[in-house]
Amino acid sequence: LSRALGVAISVLVIACPCALGLAVPIALMVGSGIGAKNGILIRKGEAIQTMKKVKIIMFDKTGTITKGKPVVTDIYSEVKKNYLLEIAGSLEKLSEHPIARAIVEKARLKRYKQVSNFKILRGKGLEGKINGKEIVMGNRTLMNERKINFSGFEKTIEKFENDGKTTMIVVESKKVLGVIAVADSVKEDSISAIMGLNNAGYRTIMITGDNERTAYAIAKQSGIKEVIANVLPEDKARKVFELQKELGERGFVAFVGDGINDAPALKQSNVGIAMGDGTDVAIEAGDLVLAKSSLMGVVQAIRLSKATFRKIKQNLFWAFAYNVIAIPLAIAGLLHPIIAEIAMALSSITVVVNANLLSGVRI
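Residues numbered from 1 in each chain as written. Predicted model: local features only at pLDDT ≥ 70, side-chain atom pairs only at ≥ 80, totals over all residues. Heavy atoms only, no water.

(A) Region of the structure containing the overall build of the chain. Secondary structure summary: the chain contains 15 helices and 13 strands in total. In terms of overall size, the chain is more extended than a compact globule, its C-alpha atoms giving a radius of gyration of 29 Å where 363 residues would be expected to give roughly 21 Å. For the chain, the C-alpha atoms occupy an extent of roughly 105 × 35 × 30 Å along the three principal directions. Across the 363 residues that make up the chain, the buried fraction comes to 49%. When contacts within the chain are restricted to residue pairs at least 6 apart in sequence, long-range pairs at least 24 apart make up 64% of them. Here the chain displays about 17,900 Å² of accessible surface, and carbon together with sulfur accounts for 56% of that area. For the chain, the distance from the average position of its 50 positive side-chain charges to the average position of its 34 negative side-chain charges is 3 Å. (Helix = DSSP H or I, 4+ residues; strand = E, 2+ residues; numbered from the N terminus. Rg over C-alpha atoms; globule rule 2.2 N^0.38 Å. Buried < 20%, exposed > 50% of the residue type's maximum accessible area, 1.4 Å probe, protein only. Contact = heavy atoms within 4.5 Å. Areas by Shrake-Rupley, 256 points an atom, 1.4 Å probe, with all protein chains shown as cover. Lys, Arg positive; Asp, Glu negative; His and termini not counted. Charge placed at Lys NZ, Arg CZ, Asp CG, Glu CD.)

Shown next as structure tokens:
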């Protein structure tokens, strides 16, 4: 009876799954800590595992690849420039878009004209009435929809767009008054981050509501491989879904954005990555948040994901290795209960120490 109890106790002690229960959470905890130190806030633990399977990374343009602080660079007008800015500034004052803020900053009006029937045309522009005259401001798509002829400004618009500038066509009572060009410079670290992702074999895509000329100019500056232009805000999530369907089981899609209109795409993607200086809605929708608002955080998140998952697999190996070797010995009566207890404790210690070695990994 004494020997039987000794064997039974040895089996129960060595079979205790303490190390197995620690293997995954301890690695995730250490990985999350390393991420936080590097400005990567992991809101959902599964994102670490999912990130390593990402094949396509989609980027919003404004505020993600670019600084998100556009400035007015050029004004081409057939009326007095002050009048054009007065009209444009009064209309854009009612919008919160970064381009609107740039135009308002340029106009610097002491008194704004009263605007009635104001309406934001998402992804296209604005409209309203000033002094009883219908004012429309927006891109080519909006002008074509309203059947407004801007052929006399075509060469000027093309020149601005080829330089990577966003153009806003200003129209009063169906007559084009002029064009305002706004530029948003690419973040310095965006170029190195995207280059690193391209070299690592990831498919990088920029998605934007801008026209193709402007989009390709920014893509060329930043090193982005593919461009999806002229996309309305509500269509971003659909584009993500189409890419997910294209990949199937071969990989996942990550989306990086910062604005309110990026939230559906962040949710739709397998890994949503929100910029720390973005809107609260985008941050809430993201699985990961880049506190430093640098795209280098995307590169670091991928490296962290792979390193953490390696540790998880190593921990699972050590958790099982002790049991696979020691349980048969315990059943055969060759393992004393004290030795079994030491082995069980060692397996847990091995897993914890191995997980903490992750802190030495450079991401």
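That shown, we press on.
(B) Examining the nonpolar core more closely. Counting 43 residues, the largest nonpolar core has Met51, Ile57, Phe59, Ile65, Ile273, Leu295 and Val298 as the members making the most contacts within it. Sorting elements by how many residues they give to this core places helix 14 (residues 296–331) first, with 7 residues. Those residues in contact with Ile65 that sit more than four places away from it in its chain are Phe59, Asp60, Val186, Lys187, Ser190, Ile194, Met206, Ile218, Ser222, Ile224 and Leu295. Membership of the second largest hydrophobic core comes to 22 residues, among which are Val72, Ile75, Leu91 and Leu126. (Core = buried A, V, L, I, M, F, W, Y, C linked by side-chain atoms within 4.5 Å.)

(C) Representation of the packing of helix 1 (residues 2–14) against helix 15 (residues 337–356). The geometry of helix 1 relative to helix 15 is characterised by a closest axis approach of 8 Å and an angle of 0° between their N-to-C directions. As the angle between them shows, helix 1 and helix 15 are arranged roughly parallel. Within the contact between the two elements, helix 1 uses Gly6, Ile9, Ser10, Val13 and Ile14 and helix 15 uses Pro337, Ala340, Glu341, Ala343 and Met344. Each residue belonging to the contact of helix 1 with helix 15 can be placed in one class, and the counts come to 7 nonpolar, 2 polar and 1 charged. (Axes fitted to C-alpha atoms, helices over the stretch in contact; angles between N-to-C directions. Parallel < 35°, antiparallel > 145°, perpendicular 65-115°, else oblique. Nonpolar A, V, L, I, M, F, W, Y, C, P; charged D, E, K, R; others polar.)

(D) Representation of the sheet that holds strand 11 (residues 252–257). Judged by pairing direction, the sheet is mixed, and its 7 strands sit side by side in the order 1-13-12-11-2-9-10 without closing on themselves. At either margin of the open sheet sits one strand with a lone partner, and together these are strand 1 (40–42) and strand 10 (226–228). Neighbouring strand axes in the sheet, compared pairwise and without regard to direction, differ in orientation by 25° on average. Bridge analysis of strand 12 (residues 271–275) against strand 13 (residues 288–290) gives 3 bridges, and the strand direction is parallel. (Pairing = 2+ DSSP bridges.)

(E) Structural view of the pattern of salt bridges. In this structure the tally under the stated criterion is 22 salt bridges. With a closest N to O distance of 3.3 Å, Glu284 and Arg43 form a salt bridge. Pair noted here: Glu284 is in helix 13 (residues 280–285) and Arg43 is in the loop between strand 1 and helix 3 (46–51), with a separation of 241 residues, a long-range link. Take Arg43: its relative accessible area is 38%, and that puts it in the partly exposed class. In this structure, Lys67 and Glu188 form a salt bridge, with 3.5 Å as the shortest nitrogen-oxygen distance. Here the residue Lys67 occupies a position in the loop between helix 4 (61–65) and strand 3 (71–77), and Glu188 occupies one in helix 9 (residues 188–199), the gap between them amounting to 121 residues. Taking the relative accessible area as the measure of exposure, Lys67 reaches 38% and is therefore partly exposed. Assessed through its relative accessible area of 59%, Glu188 is described here as exposed. A network of salt bridges, in which partner residues are shared, links Arg140, Glu154, Glu158, Glu161 and Arg213. (Salt bridge = Lys/Arg side-chain N within 4 Å of Asp/Glu carboxyl O.)

(F) Quick look at the side chain of Asp210. Relative to the elements of secondary structure, Asp210 occurs in the loop between strand 9 (203–207) and helix 10 (212–222). Residue class for Asp210 comes out buried when judged on its relative accessible area of 11%. Here the side chain of Asp210 touches Thr166 through a polar contact of 3.1 Å, side chain to side chain. Leave out the neighbours within four places in its chain, and Asp210 touches Lys61, Thr166, Ala229 and Asn230. (Polar contact = N/O pair within 3.5 Å; in protein donor to acceptor, adjacent residues only side chain to side chain.)

(G) Looking closely at the packing of aromatic side chains. One pass over the structure, following the stated rule, counts 3 aromatic pairs. With a centroid separation of 6.5 Å and 45° between ring planes, the pair formed by Trp318 and Tyr322 is classed as tilted. Of this pair, Trp318 and Tyr322 both sit in helix 14, 4 residues apart, which is roughly one turn of that helix. Taken together, the ring pairs connect Phe317, Trp318 and Tyr322 into an aromatic cluster. The ring of Phe309 carries Lys52 above its face, with NZ or CZ at 4.2 Å from the centroid. (Phe/Tyr/Trp six-rings, centres within 6.5 Å; stacked < 30°, edge-to-face > 60°. Lys NZ or Arg CZ within 6 Å of the ring centre and 35° of its normal.)

(H) Just helix 5 (residues 81–92), in detail. An ideal rise of 1.5 Å per residue puts 16 Å on 12 residues; helix 5 measures up with 16 Å between its terminal C-alpha atoms. Three or more residues of helix 5 are buried, namely Leu84, Leu85, Ile87, Ala88, Gly89, Ser90, Leu91 and Glu92. (Expected span 1.5 Å × (residues − 1).)

(I) Structural context of unusual backbone geometry. With a phi angle near 70°, Lys174 is a residue other than glycine that sits in the positive phi range. Its place among the elements puts Lys174 in the loop between strand 7 (166–172) and strand 8 (175–183). Here the phi dihedral of Ser293 falls at roughly 55°; this positive angle occurs in a residue that is not glycine. Structurally, Ser293 can be placed in the loop between strand 13 and helix 14.

Shape is all these values report; function is a separate question.
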